[in-house]
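Survey of secondary and tertiary structure
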Amino acid sequence: MTSKGLPPIASTNELRQYHTTTRTATWGFLAALPLMAFYEWGLMAANRGSEDIIRISADVWMRAMVPSFGANHAHILLGLVVLIGIGIIFMERKKEKVLRVRYAVWMLAECVLYAVVLTFLVSRATAWMVAMVPAGRELDVFTKVVLSFGAGIYEELFFRVLLVGGLFLVLQLIVPLERRWIAYTLAALIAAPIFSAVHYVGDFADPLELGSFAYRTLFGLALNAVFLARGFGVAAWTHALYDVMIVTGVLT
């Protein structure tokens, strides 16, 4: 029973439905679309008049997986995204999915909460272990925000879906089915330092520092936990919003 004029409070059943629904691949795909759209639009705006377009490393790696066909490369990638989305929706057509606007609002609020909590927990844990030395290439705030959205979509695809998911598939072959949690735990633990290490590889790599390595390892472990518990969509938005809060100085 609710007070007159106030929005109804979600029931336990609806919260359970929200949790189950937003973990599906269909919701993950739909949640990724605005991240990808803003990232691509932002890159065009930030790099206008420049021949060298700055992209997230994971974006470059995933693009390299698709054969280049010159000027049509971007269109082919867009077509693949559409086909993947159609395939996901088709495969999950029998699952009960509730596409409610309030679920999207709840999901965004949930991701903001996770981003804030991770900021304080990971930074405090890192400070306790070793003084963290932030490093990185200096860019304007708009470009940093754009790259934050790119990190949310592409790093989560690469490190959570492909790396953590792939490790889990391999580990479950040797772990008893009734102890699947062991495979999940090992996949999360193995993937975290790998996620951290790749930030120090490549032309625009950060200088290797113990503090920043520990920070990214803990952050990767936290995102692995979010991904395994809440799915790709929540992990992607949590990562993106976390990065936005950091580069804009909201939580510093």
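Residues numbered from 1 in each chain as written. Predicted model: local features only at pLDDT ≥ 70, side-chain atom pairs only at ≥ 80, totals over all residues. Heavy atoms only, no water.

**Comments concerning empty space enclosed by the protein**
Put simply, the test is: Within this scheme a cavity is a closed region of a 1 Å grid, computed over the protein atoms alone, that accommodates a 1.4 Å probe without allowing it to escape, whereas a pocket is open but has protein on both sides within 12 Å along at least five of seven lines; lining residues each have an atom within 4 Å of a point. Grid points are joined across faces, edges and corners, and a volume is the space filled by probe spheres set on the points. Under the grouping applied here, Gly and all other residues not named as nonpolar or charged are polar, the nonpolar ones being Ala, Val, Leu, Ile, Met, Phe, Trp, Tyr, Cys and Pro and the charged ones Asp, Glu, Lys and Arg.
Within this structure, the stated rule accounts for 1 cavity of 30 Å³ or more. Within this model, the largest cavity holds a volume of roughly 30 Å³. Along its surface, the largest cavity is lined by Gln 172, Val 175, Pro 176, Leu 177, Arg 180 and Ala 183. Across the lining of the largest cavity, the residue classes tally to 4 nonpolar, 1 polar and 1 charged.

**A short note on a nonpolar patch on the surface**
Rules: By definition, no residue in a patch forms a salt bridge, and every one has over 30% relative accessible area; like charges are joined within 9 Å, nonpolar side chains (Val, Leu, Ile, Met, Phe, Trp, Tyr) within 5 Å. Where accessible areas are quoted, they stem from the Shrake-Rupley method and a 1.4 Å probe; at the residue level, only the protein chains shown are allowed to cover. Each reported salt bridge corresponds to a side-chain nitrogen of Lys or Arg within 4 Å of a carboxyl oxygen of Asp or Glu. To qualify as a helix, a DSSP run of H or I must reach at least 4 residues; to qualify as a strand, a run of E must reach at least 2; elements of each kind are numbered from the N terminus. Burial classification: accessible surface area is computed with a 1.4 Å probe over protein chains only, and a residue below 20% of its type maximum counts as buried, one above 50% as exposed, and the rest as partly exposed.
There is a patch of nonpolar side chains on the surface, built from Leu 80, Val 82, Leu 83, Ile 84 and Ile 86 and spanning about 460 Å² of accessible area. Mapped onto the fold, Leu 83 is located in helix H4 (residues 73-91). Here Leu 83 falls in the exposed class, since its relative accessible area comes to 58%.

**So, the packing of helix H7 (residues 180-197) against helix H8 (residues 210-230)**
Under the convention used in this document: All axes here are fitted lines through C-alpha atoms, helices being fitted over the stretch that makes contact, and every angle between N-to-C directions spans 0 to 180 degrees. Any angle from 65 to 115 degrees is called roughly perpendicular, while one under 35 is roughly parallel, one over 145 is roughly antiparallel, and all others are oblique. Crossings are classed by handedness, with left-handed meaning an anticlockwise turn of the near helix from the far one by less than a right angle and right-handed meaning a clockwise turn. We call two residues in contact when some of their heavy atoms are within 4.5 Å.
Two elements in contact, H7 and H8, have axes separated by 8 Å at closest approach and are oriented at 140°. Relative to H8, the element H7 is oriented oblique. Helix-helix and strand crossings are classified by hand; for H7 and H8 the assignment is right-handed. Where H7 approaches H8, its residues Tyr 184, Ala 188, Leu 189, Ala 191, Ala 192, Pro 193, Phe 195, Ser 196 and Ala 197 are matched on the opposing element by Ser 212, Phe 213, Arg 216, Thr 217, Phe 219, Gly 220, Leu 221, Asn 224 and Leu 228. The residue inventory of the contact of H7 with H8, partitioned by class, reads 12 nonpolar, 5 polar and 1 charged.

**Side note on H7**
In an α-helix, one full turn covers 3.6 residues, which means residues spaced three or four apart are oriented alike. How we decide: Every helix has an expected span of 1.5 Å times one less than the residues it contains.
Over its 18 residues, H7 extends 27 Å from the first C-alpha to the last, a length consistent with the 26 Å expected when each residue adds 1.5 Å. Looking at H7, one finds that the buried residues are Ala 183, Ala 187, Ala 188, Ala 191, Ala 192, Phe 195 and Ser 196. Residues of H7 that are buried make contact with helix H6 (141-171), H8 and helix H9 (232-247).

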